[in-house]
Every structure is written in structure tokens, then in C-alpha cells.
Amino acid sequence: MDLSVERNLIGRIVIGLYGKVAPKTVENFFGICSNDRGFTPDGIPISYEGTYFTTINERMLIGGDFTHFNGQGGASIYGKAF
């Protein structure tokens, strides 16, 4: 996942996906990253592009709220939640 600030690349995060352990979660994450899953019923693109992280620390990243952009929203390739 490439990270940018104001369209300037600042780094890359490599994320391991373990499909045998959590196949639906992996498919959902990959689908949202690929930008090819269309739109939510409200017309919002199902994509992490343009979203931001609300938490970054040595243990985790939290972000990707592409519906409300405040950490309170979200959707999945399977619908609102799965």
C-alpha cells in the first residue's frame, strides 16, 4: 500500500494476507484495495484511495473509512458488513 501526503509519495506498507486463515477478510481487503468493486448502495466508491489513517503506532494502523472519513463508517465488498 503506497502512502502519500498531498499526492507526494512518502512510503509503502507491505501487508501480509493470510487467505487460509481468514479468506473472507482477505478477499474484502484485496477487493477494496484493487479499486474495481464498484460502489456502495449510496453511490460511494468501494476503494481505499483517498482515505486516511486515523491511528498509526508501532502496533497497528486504523483507517480506510471511505464512507464517513472519520473512523466511524465503512463498508465491505459483501455489503455494509460481513
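Every chain's residues receive numbers from 1 upward, in the order its sequence appears when written. Since the coordinates come from a predicted model, pLDDT governs what is reported: local features require at least 70, and pairs of side-chain atoms require 80 or more to be given and counted, while whole-chain, interface and lining totals use all residues. Only hydrogens and water are set aside; all other atoms, that is, all heavy atoms of the structure, feed into the side-chain values.

Engineer: Outline the layout of surface pockets, listing residues and values.
Structural biologist: Space inside and on the surface of the protein is sampled on a 1 Å grid over the protein atoms alone, with a cavity defined as a set of points where a 1.4 Å probe fits but cannot get out and a pocket as an open set with protein on both sides within 12 Å along at least 5 of 7 lines; lining residues have an atom within 4 Å of a point. Grid points are joined across faces, edges and corners, and a volume is the space filled by probe spheres set on the points. As a volume, the largest pocket reaches approximately 960 Å³. Together, 33 residues line the largest pocket, and Met1, Asp2, Leu3, Tyr48 and Thr51 are the ones closest to its centre. The secondary structure listing takes helices from DSSP runs of H or I that are at least 4 residues long and strands from runs of E that are at least 2 residues long, numbered from the N terminus. Of all elements in the fold, only strand 1 (2–5), strand 2 (8–12), helix 1 (23–33), strand 3 (53–56) and strand 4 (61–63) reach the threshold of two or more residues within the lining of the largest pocket. Residue polarity is assigned by list, with Asp, Glu, Lys and Arg as charged and Ala, Val, Leu, Ile, Met, Phe, Trp, Tyr, Cys and Pro as nonpolar; anything else, Gly included, falls into the polar class. Here the residues of the lining of the largest pocket are counted per class, giving 16 nonpolar, 12 polar and 5 charged. In this model, the second largest pocket occupies a volume close to 200 Å³. Around the second largest pocket sit 13 residues that line it, and Thr40, Pro41, Asp42, Ala75 and Lys80 are the ones nearest its centre. Partitioned by chemical class, the residues of the lining of the second largest pocket number 5 nonpolar, 6 polar and 2 charged.

Engineer: Talk me through the environment of glycine 11; I want residue IDs and the actual numbers.
Structural biologist: Structurally, the position occupied by glycine 11 is in strand 2. The buried label applies to any residue whose accessible area, calculated with a 1.4 Å probe on protein chains only, is under 20% of its type's maximum; exposed applies above 50%, and partly exposed to all values in between. Note on glycine 11: relative accessible area 26%, which makes it partly exposed. Put simply, glycine 11 and methionine 1 are 10 residues apart on the chain and 8.6 Å apart in space, counted from C-alpha to C-alpha. By the convention used here, residues are in contact when the closest approach between their heavy atoms is within 4.5 Å. Not counting chain neighbours up to four residues away, the residues in contact with glycine 11 comprise Met1, Asp2 and Leu3.

Engineer: Describe the pairing of strand 1, with residues and values.
Structural biologist: Here 4 bridges tie strand 1 to strand 2, and the two strands are oriented antiparallel to one another. Across the sheet, the residue bridging to valine 5 is asparagine 8, located in strand 2. By this definition, two strands are paired if DSSP reports at least two bridges between them. Linking strand 1 to strand 2, which pair antiparallel, is a turn of 2 residues; within it glutamate 6 sits at a positive phi near 50°.

Engineer: Lay out the pattern of salt bridges in plain terms, naming residues and giving numbers.
Structural biologist: Just to be clear on terms, a salt bridge is a Lys or Arg side-chain nitrogen sitting within 4 Å of an Asp or Glu carboxyl oxygen. Under the criterion given, the structure shown has 3 salt bridges. Residues arginine 37 and glutamate 27 are paired through a salt bridge, measuring 2.6 Å at the closest nitrogen-oxygen approach. Residue arginine 37 is located in the loop between helix 1 and strand 3, and its partner glutamate 27 is located in helix 1; the two are separated by 10 residues in the primary sequence. Overall, glutamate 27 belongs to the partly exposed group, its relative accessible area being 34%.

Engineer: Outline unusual backbone geometry, listing residues and values.
Structural biologist: A positive phi angle is found at glutamate 6, which is not glycine, with a value near 50°. With respect to the helices and strands, glutamate 6 occurs in the loop between strand 1 and strand 2. With phi around 60°, phenylalanine 69 is a residue other than glycine that occupies positive phi space. Examined against the element boundaries, phenylalanine 69 turns out to sit in the segment after strand 4. By relative accessible area, which is 37% here, phenylalanine 69 ends up partly exposed.

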